[in-house]
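Next come the chains, spelled out residue by residue.
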Amino acid sequence: MSETSGTKSRGRRQEKLGVVVSNRMDKTVVVAVAHTVVHRLYHRYEKRTSKFYAHDAKNACKVGDTVRLVSSR
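Here is a short report on the structure shown in this document. Computed from a predicted structure; not experimentally measured. (Residues numbered from 1 in each chain as written. Predicted model: local features only at pLDDT ≥ 70, side-chain atom pairs only at ≥ 80, totals over all residues. Heavy atoms only, no water.)

**Describing the overall build of the protein**
Per the secondary structure count, the protein includes 0 helices and 4 strands. Listing the helices and strands of the protein from first to last along the sequence gives β-β-β-β. For the protein, the spread of C-alpha atoms along the principal axes amounts to about 50 × 35 × 15 Å. Burial analysis of the protein (73 residues in total) assigns 16% to the buried set. Just so you have it, the protein exposes about 6,900 Å², and 48% of that area is on carbon and sulfur atoms. (Helix = DSSP H or I, 4+ residues; strand = E, 2+ residues; numbered from the N terminus. Buried < 20%, exposed > 50% of the residue type's maximum accessible area, 1.4 Å probe, protein only. Areas by Shrake-Rupley, 256 points an atom, 1.4 Å probe, with all protein chains shown as cover.)

**With respect to the environment of Lys 27**
Following the sequence through the fold, Lys 27 ends up in the loop between strand 1 (15-22) and strand 2 (28-38). Along the chain, Lys 27 and Arg 48 lie 21 residues apart, while their C-alpha atoms are 26 Å from each other. Sequence-distant contacts of Lys 27, defined by excluding residues within four places in its chain, comprise Ala 54, His 55, Asp 56, Ala 57 and Asn 59. (Contact = heavy atoms within 4.5 Å.)

**Some points on unusual backbone geometry**
In this model, His 43 sits at a positive phi of 55 degrees, which is unusual for a non-glycine residue. Take His 43: it is sitting in the loop between strand 2 and strand 3 (45-55). The class of His 43 is exposed, set by a relative accessible area of 61%. Although it is not a glycine, Asn 59 sits at a positive phi angle of roughly 55 degrees. Relative to the elements of secondary structure, Asn 59 occurs in the loop between strand 3 and strand 4 (66-70).

Such coordinate-based values are descriptive only and should not be taken to indicate function.
Have a look at this one:
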């Protein structure tokens, strides 16, 4: 294996773009991520939303902010 910079590359991480829905918890925000799927019968696009909890150490995020979620270990 060849390492040029001395640090290991973690590979490609998953990234999701979403909107902050709630910031009522301490150091945690709820982020809604929308994606589109094709309806099986009607073959139309349908918008679906998933909610994720994200760490916000400084409580800086406000409702309506657009944030990027990056997967970690």
